[in-house]
Amino acid sequence: MINKQYILGLLTVLLFASCSNDEKVVFINADEDGGTGNPNPITQTLKEKAKFKIGAAVKMKDLQGEANYKNAVLKHYNQITAEFEMKMASIWSSSTAYNFTAADYLVGFAKDNNMEVHGHTLVWYDSFPEWFKNAKYDSIAFESKVKIYITDVVGRYKGRVKSWDVVNEVFADGGALRNETVIKPIFNDPIGFYGRCFKYAKAADPDAKLFYNDYSVVLDGGKRAAIKKMVTRFKANGIPIDGVGDQFHYSTDTNRQTMKTGFTDMASTGLLIHISELDIKVNTAKSDSYVFTDAEAQKQAETYKYITTMYEELPQAQKFAISTWGVTDKYTWLTSFWNSKEYPLLLDADYNKKPAYQGFLDGLK
């Protein structure tokens, strides 16, 4: 039998002999980097590299209806957020009934696939069901009903939903209390009511991480100051708040220094930090003739890299998750809310990785 090591050695000698003195032989271990030389090879997924959870907002109908969508979620993410099926208006169908069909499906999907669930959201002025708003409750009846709702929902998913946005979007741009028509007119002290909602959630699941969530937190100094003031009040009064989420619905032209300064200030709360609804708009002018060129894709990639690099500068104990608001450009909310020619996510409409995916990956430690 011929010795394999002998043959390998002979081939190596012949290889060197065939090279001139000026030539170099480079051996690449394909097992380490796929032969690409890229320290972040395309075969590495976000969830494999990140030392914190990588989440995505998902919808039941897409998980059930499209294998490519389901496979993309399973491949790239290890946490999910219900895009709308766990909001109050979706669950609380009447004063005597709940509809848990979609929420149960998503929680079951996560359990079956070893993923975590971030619950979104328990109390949001814009998601109270019509029957509730039409009931015209006074503050006592209003809070009693909300307490029962929080207790029932959080209790149902105790141990299975690891974290909750307890309260969403309390503050208007600039930092004043939002001038909504559901909660603010009912309570003399709306912030006190929101604090009690955190207590009700904590009582229903003591182990769940509890968050306040809003948009433009790192860009809007007034809003951020109001949130920090609320957090300080909560801490002083023993309100169990664990984290703050900024949605990060930003753009390729969002000022990076403003973002960085605000992010550092937000982190000064000492709480867990969640980039909770990340997508990056490229069609900043809302142009109907916009073309998503390679140059535009690269600008988006650089923005994603900047954000993930910035997030990695947090103390490890404050890193909770980065969650994209969607999985693919095919199903982004921004094509209806912003412009039909918008491409804000990491995967294109055919589920291919965009440069944005590599940018996100490159920003991770």
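Note that the structure is predicted; figures quoted are calculated from it, not measured.

J.: Would you take a moment to explain the packing of helix α9 (residues 139–156) against helix α10 (residues 190–204) for this structure?
T.: When two helices pack together, their arrangement is captured by the angle between the axes and the distance separating the axes. Here α9 crosses α10 at 35°, and the two axes come no closer than 8 Å. Every pair of crossing elements has a handedness; the one defined by α9 and α10 is right-handed. Contacts from F142, E143, V146, K147, I150, T151, V154 and G155 in α9 reach F193, R196, C197, Y200, A201 and A204 in α10. For the contact of α9 with α10, the per-class residue count stands at nine nonpolar, two polar and three charged.

J.: Just checking my understanding: could you explain the pairing of strand β2 (residues 79–82) for this structure?
T.: Along a regular strand, successive side chains alternate from one face of the sheet to the other. Residue alternation in β2 divides its side chains into two sets, Q79 and T81 and I80 and A82, and both sets are buried. As paired elements, strand β1 (residues 53–58) and β2 share four bridges and run parallel to each other. Among the inter-strand pairings, A57 is bridged to a residue of β2, identified as T81. With three bridges joining them, β2 and strand β3 (residues 116–124) adopt parallel strand pairing. The residue bridging I80 from the neighbouring strand is V117, located in β3.

J.: Looking at this structure, how should I read the side chain of H76?
T.: By secondary structure assignment, the location of H76 is in helix α5 (residues 67–76). With sequence-adjacent residues up to four places away left out, H76 is seen in contact with T45, L46, K47, I54, L347, K353 and Y357.

J.: Would you take a moment to explain empty space enclosed by the protein for this structure?
T.: Rolling a probe over the atoms, with the probe sized like a water molecule, indicates the empty space that remains. In the structure shown here, the tally under the stated rule is one cavity of 30 Å³ or more. Put simply, the largest cavity is a space of about 40 Å³. Around the largest cavity, the lining residues are Y125, E169, V170, L177, R178, E180, K184, P190 and Y194. Among the residues forming the lining of the largest cavity, the class breakdown is five nonpolar, no polar and four charged.

What counts, and at which threshold
Residues numbered from 1 in each chain as written. Predicted model: local features only at pLDDT ≥ 70, side-chain atom pairs only at ≥ 80, totals over all residues. Heavy atoms only, no water. Axes fitted to C-alpha atoms, helices over the stretch in contact; angles between N-to-C directions. Helix = DSSP H or I, 4+ residues; strand = E, 2+ residues; numbered from the N terminus. Left-handed = near helix turned anticlockwise from the far one by under 90°. Contact = heavy atoms within 4.5 Å. Nonpolar A, V, L, I, M, F, W, Y, C, P; charged D, E, K, R; others polar. Buried < 20%, exposed > 50% of the residue type's maximum accessible area, 1.4 Å probe, protein only. Pairing = 2+ DSSP bridges. 1 Å grid on protein atoms, 1.4 Å probe; cavity = no way out; pocket = protein on both sides within 12 Å on 5 of 7 lines; lining within 4 Å. Points joined across faces, edges and corners; volume = space filled by probe spheres on them.

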